[in-house]
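# A closer look at the structure
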2 protein chains.
Amino acid sequence: MAQTIHDLQTPALLVDVAGFEHNLATMSEALPGRRLRPHVKATKSTALARRQAELGHTGFTCATITEVEGMAAAGLGEDLLLANERVTLAVDSEETIAAAAKGGVREVLIDVNVGLPRCGCAPEVAGALADRARKAGLEVRGVMGYEGHVMPMQDRAERIEATRISMEKLLAAHSDTGGDLISAGGTGTYDINTWATEIQAGSYCMLDTDYAKLGLPFRQALKVLATVISVSDAWAVADAGLKALATDHGNPTIDGAKVWFCSDEHVTYAAEVPPRPGDRVQLRPGHIDPTIARHLALHLVEGERVVDTWPVDLGGW
Amino acid sequence: MAQTIHDLQTPALLVDVAGFEHNLATMSEALPGRRLRPHVKATKSTALARRQAELGHTGFTCATITEVEGMAAAGLGEDLLLANERVTLAVDSEETIAAAAKGGVREVLIDVNVGLPRCGCAPEVAGALADRARKAGLEVRGVMGYEGHVMPMQDRAERIEATRISMEKLLAAHSDTGGDLISAGGTGTYDINTWATEIQAGSYCMLDTDYAKLGLPFRQALKVLATVISVSDAWAVADAGLKALATDHGNPTIDGAKVWFCSDEHVTYAAEVPPRPGDRVQLRPGHIDPTIARHLALHLVEGERVVDTWPVDLGGW
C-alpha cells in the first residue's frame, strides 16, 4: 500500500481525513440518526458509507440499482431508498408505479416536484398516485421532494424562504398521501429544512466549491493529485484533466496558482512558484459527485501520509 | 447479448455502424497506412483499434501507460507512441529525458510547442534536448508538435494558415533534432497538415460536435442511450447526466427536443412530441473522448439493432 502521496500513481483522489471527519461529526450532531439519510451517489464507496452508519445514519439514499445492490452486499441495506424512477421506490407516475409493482418492490415514496424542473409529480396529484400505488399492492411510506433549485442561493434568508415555499408544497402533498416519511433536503439546506423528517445529503462529506460559498460549517476535503509533466516559461502542465475531474461547476483550483484550462488528460496552469517536471500538485475539483465517479479509489491522507485507501465500489449503473 | 437497444440497460453508448465505418474508410483513403497514427485515447477500445489496424494503421498514439499496456496485450503493439511526458516516449525537458532513460525507454520524440499552451519545449531548444537524449543512450526518432489551438478555427483558410505557422516551427525544430518522424495533427487538420509525416487523429471515428462544424467528411456516430423516467407538462427527464457524458463542449443534443440542463444522473429536456416514462431517448454528446471514458462498453448499432458490443478496455490510468 502507498505510504505517502508520492507513492501514488496519478491522477488520484485524496481525502483529507481531518476535514472529512469534521464534516461527518458536524452533520451527525446537527442531524442525528435517521434525521439524515446520506446520499451514496455523492461518494460511491461502501467503506465511506460504513463510517456514516457507525455514526448512526443507517438509512441511505441511492441513485442507481448498482448502488442498491452494492450497499446490500456490504451489509448496509437496512433501509435503502432508490431515489430514481427507473425500477424504483420513488415514483411519480402511473408508469413508474406499474414498473415498481411489476419489479417486486413493496414500498414506495411519492416523488413530488417542489420547484426544481426535474423529477416529481405535481403536488395536487400526489394523493391520487398514492391511491393508485396502494391499489397496486404497494405500501406508501410518504413523500419525497428535492428543493434542488434552492441549493445555489447564496443568501441564507433567501434559501430559508425558498425552502419554506417548497416544503409547503410537499406537506400539502403529504396530507393527501399519508405515510411516515417526508424526505427532502440536501447539503445546502441541511439545517434550514426543518419540515422534512429526514434530509438526503451526500456531498457534505467532501463539500462542493459552490456549497463552500454558503457559509456552511463543512470543509472541502477532496483533492485530485496530479504530476507535473511539462513546464514552460509562463505555465505548467499536470496529468489530470477532463477524464479525472468534473468541470461543470468550473475549473479546479490550485493553491498558489491560476488554472488556465483543462484538456482531456491535462490541466494547464500558472503557478506563483514554478514547479519542476515530476513535482506533485493538488487540484481542488469544483463538483464532488461526478469527480469521484471517474475514479476507482479514494486515498485518505493526513498531510502527505496515506492512511487508508477505499475503493469507489459503487460506480457504473 | 442485447438484440436491440431496448434490451440495453441505460445509460449506454451507441455507435452507429454505418457512420463509424464511413469515417474509418474516409480517413484511411485520405491518410493510408502509417500516414495516420490513430490516437487511442479518444476511443479506449482495443476492438476498435483492431478495425483501424485492419485498415492499415498499425502505429498508434497512447495517452496513458494503461493504454500502452492494453494495446500491447491485445497484440496491437507494433509501434506505440506514448504522447504524454509521464514515463514516456515524448519528452520535452531534461527531467523527462532522465525519466525515460531510467524507465528503460529506448526511443523518444522531442515534443515541441507549436502554439498550444500545453506540453512541448520551445522550438529553439529541441536540438539541445535531442543531443541530451542521445547522450543518455536514447534514439531520437524525430519531433512531435500538436497544433491543438488550430482545431476550433471554423474558417478553413484560417486553419490552413495557422497550421502552416505551427508546422514551420516544428520543421525548424526537426532540422535541429533529426530523425524520421514529424508527428502532428488531429481530426481538424487531417487533410491540411501536409508537413507532418504522420497525423495523430482519434475522434474522427465518432466526431465531436465542434468538429462537425468544420465541414469535415466525417459523421457523428456516437450517442448515449437513456430511458425516460419522469414526464411533466413542459419537460421530461431521462437517466443520463454528468456521470454518463461530457458537457465541457456544451450540453448534449436530442433530435426533436431542446436540452435544458444536465444533473449528475439526469438530463432535463423539452421534446416536440412528449415522451412516456419508459421510452428510450438518444443523446448526442458534444465531446467524444471524455464521454467514452465514463463507460465500460460501446454498443454497435444498425438502427435499433445491436450488432456487436466492444468493451472500453483501455480505461483508467
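Now for a description of the structure that goes with this document.

## Description of the sheet that holds strand 8 (residues 198-199) of chain A
Residue and element names in this part refer to chain A. Ordered in space as 4-5-6-7-8, the five strands form an open sheet in which the pairing is parallel. The two strands at the open ends of the sheet, each matched to only one other strand, are strand 4 (90-91) and strand 8. Sheet topology note: the strand 4/strand 5 (residues 107-111) ladder contains two bridges and is parallel. Its bridge partner being in strand 5, Val-91 is matched across the sheet by Ile-110. Packing against the sheet, helix 6 (residues 156-177) makes contact with strand 5, strand 6 (139-145) and strand 7 (181-184), and its axis sits at approximately 170 degrees to strand 6.

## Details of the interface of chain B and chain A
Listed per partner, the contact involves 47 residues of chain B and 47 residues of chain A. For the chain B and chain A pair, buried surface summed over both sides reaches about 4000 Å², with 55% attributable to carbon and sulfur atoms. There are four salt bridges connecting chain B and chain A. The partner of Arg-276 of chain A in a salt bridge is Glu-95 of chain B, with the nearest N and O atoms 2.1 Å apart. Inspection of the region where chain B meets chain A yields 18 residue pairs in polar contact (both at pLDDT 80 or more). Within the residue set of the side of chain B that touches chain A, elements represented by two or more residues are helix 4 (94-102), strand 9 (222-231), strand 11 (257-262) and helix 8 (288-292) of chain B.

## Observations regarding the side chain of Asp-289 of chain A
Structurally, Asp-289 of chain A is set in helix 8 (residues 288-292). Taking relative accessible area as the criterion, Asp-289 of chain A reaches 4% and is therefore assigned buried. Residues contacting Asp-289 of chain A, with those up to four places away along its chain left out, are Lys-41, Ala-42, Ser-203 and Asp-208 of chain A together with Lys-243 and Asp-264 of chain B.

## What to know about the relation of the copies chain B and chain A
It takes a turn of 180 degrees to lay chain B on chain A, together with a shift of 0.0 Å along the axis; the resulting RMSD is 0.0 Å. Here the symmetry operator amounts to a two-fold rotation axis. In this assembly the copies share their binding face: 100% of the residues contributing to the interface of chain B also contribute to that of chain A.

## Comments concerning the packing of aromatic side chains
Residues and elements named next belong to chain A. Inspection of the entire model under this criterion finds eight aromatic pairs over all chains. Between the aromatic rings of Tyr-204 and Phe-218, the centroid separation amounts to 5.7 Å while the plane-to-plane angle is 55 degrees, which identifies the pairing as tilted. Placement of Tyr-204 in the loop between strand 8 and helix 7 (209-212) and of Phe-218 in the loop between helix 7 and strand 9 (222-231) is noted, with a sequence separation of 14 residues between them.

## Structural notes on the pattern of salt bridges
One pass over the full model with this rule turns up 40 salt bridges over all chains. For Asp-264 of chain A, the salt bridge goes to Lys-41 of chain B, with nearest N and O atoms at 2.6 Å. Of this pair, Asp-264 of chain A sits in the loop between strand 11 (257-262) and strand 12 (267-271) while Lys-41 of chain B sits in the loop between helix 1 (17-30) and helix 2 (46-54), placing the two residues on different chains.

Conventions and cut-offs
Residues numbered from 1 in each chain as written. Chains lettered and ligands numbered in written order. Predicted model: local features only at pLDDT ≥ 70, side-chain atom pairs only at ≥ 80, totals over all residues. Heavy atoms only, no water. Pairing = 2+ DSSP bridges. Helix = DSSP H or I, 4+ residues; strand = E, 2+ residues; numbered from the N terminus. Contact = heavy atoms within 4.5 Å. Axes fitted to C-alpha atoms, helices over the stretch in contact; angles between N-to-C directions. Buried area = accessible area lost by both parts, 1.4 Å probe. Salt bridge = Lys/Arg side-chain N within 4 Å of Asp/Glu carboxyl O. Polar contact = N/O pair within 3.5 Å; in protein donor to acceptor, adjacent residues only side chain to side chain. Buried < 20%, exposed > 50% of the residue type's maximum accessible area, 1.4 Å probe, protein only. Least-squares fit on C-alpha atoms with pLDDT ≥ 70 in both. Phe/Tyr/Trp six-rings, centres within 6.5 Å; stacked < 30°, edge-to-face > 60°.

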